[in-house]
Amino acid sequence: AQRVTQPEKLLSVFKGAPVELKCNYSYSGSPELFWYVQYSRQRLQLLLRHISRESIKGFTADLNKGETSFHLKKPFAQEEDSAMYYCALGRGAQKLVFGQGTRLTINP
Amino acid sequence: DTGVSQNPRHKITKRGQNVTFRCDPISEHNRLYWYRQTLGQGPEFLTYFQNEAQLEKSRLLSDRFSAERPKGSFSTLEIQRTEQGDSAMYLCASSPAQRGGFFGPGTRLTVL
């Protein structure tokens, strides 16, 4: 079965420190992986997708098929990065399978 | 606002009542999705439309749930005979040809 695991429900780091939000997946086909972010009182929004190989707001994520991981990283955390982060797997042609999410708090 | 909109934003109902939610996607998007999110969980897929055709339904979508997308524009999600377990945030998303859609603000349902 397709599954996305985000092992950390809560993650707290200091401003300026590196951030890594972990995501592991199980999927038998060729996965499409995404990171979504939800800031306080805002809607869920797409942060980045693996296929684009882009950096958004300083965040990057590399798909590691050997380790079935898609960890989200940022070298220097900023206070405005505090939010809920969801990793998601695109299955077949349609739906997304989401992880449980990680609440990231950046301490000043 | 040209994003995905959902109405109502909040709905409180008594157990056994019927409720209907509406989603207006981004106009040029032909794909529309409904998800449900409960506290502490990520969104869970409910159903998917491509234009007016409902192409996939999750096992989460019991017989009490029905969704429509007439004319491939807005979509409605109806829950009949609501139960307390239906209390959740109902999210709508739309996308063009590829995945990774744009989400609406959600409708929070509370069943008393």
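My aim in this report is to walk through the structure given alongside it, one point at a time. (Residues numbered from 1 in each chain as written. Chains lettered and ligands numbered in written order. Predicted model: local features only at pLDDT ≥ 70, side-chain atom pairs only at ≥ 80, totals over all residues. Heavy atoms only, no water.)

## A word on the side chain of Arg31(B)
Point 1. If you trace the backbone, Arg31(B) turns up in strand 4 (residues 31-37).
Point 2. Buried charge Arg31(B) goes without a salt bridge, the closest partner of opposite sign being Glu32(A) at 7.8 Å.
Point 3. Here the side chain of Arg31(B) touches Tyr48(B) through a polar contact of 3.5 Å, side chain to side chain. (Helix = DSSP H or I, 4+ residues; strand = E, 2+ residues; numbered from the N terminus. Buried < 20%, exposed > 50% of the residue type's maximum accessible area, 1.4 Å probe, protein only. Lys, Arg positive; Asp, Glu negative; His and termini not counted. Salt bridge = Lys/Arg side-chain N within 4 Å of Asp/Glu carboxyl O. Polar contact = N/O pair within 3.5 Å; in protein donor to acceptor, adjacent residues only side chain to side chain.)

## Examining the layout of surface pockets
Point 1. Roughly 790 Å³ of internal volume is contained in the largest pocket.
Point 2. Together, 31 residues line the largest pocket, and Gln38(A), Arg103(A), Gln37(B), Met89(B) and Arg108(B) are the ones closest to its centre.
Point 3. Secondary-structure elements contributing two or more residues to the lining of the largest pocket are strand 9 (83-90) of chain A together with strand 9 (88-95) of chain B.
Point 4. For the lining of the largest pocket, the residue count by class is 11 nonpolar, 14 polar and 6 charged.
Point 5. In this structure, the second largest pocket encloses a volume near 610 Å³.
Point 6. Forming the boundary of the second largest pocket are 22 residues, of which Gln2(A), Lys95(A), Val97(A), Phe98(A) and Glu44(B) lie nearest the centre.
Point 7. Mapped by element, the contributors of at least two residues to the lining of the second largest pocket are strand 1 (3-5) and strand 10 (96-98) of chain A together with strand 5 (44-50) and strand 6 (53-57) of chain B.
Point 8. Here the lining of the second largest pocket is built from residues that sort into 8 nonpolar, 7 polar and 7 charged. (1 Å grid on protein atoms, 1.4 Å probe; cavity = no way out; pocket = protein on both sides within 12 Å on 5 of 7 lines; lining within 4 Å. Points joined across faces, edges and corners; volume = space filled by probe spheres on them. Nonpolar A, V, L, I, M, F, W, Y, C, P; charged D, E, K, R; others polar.)

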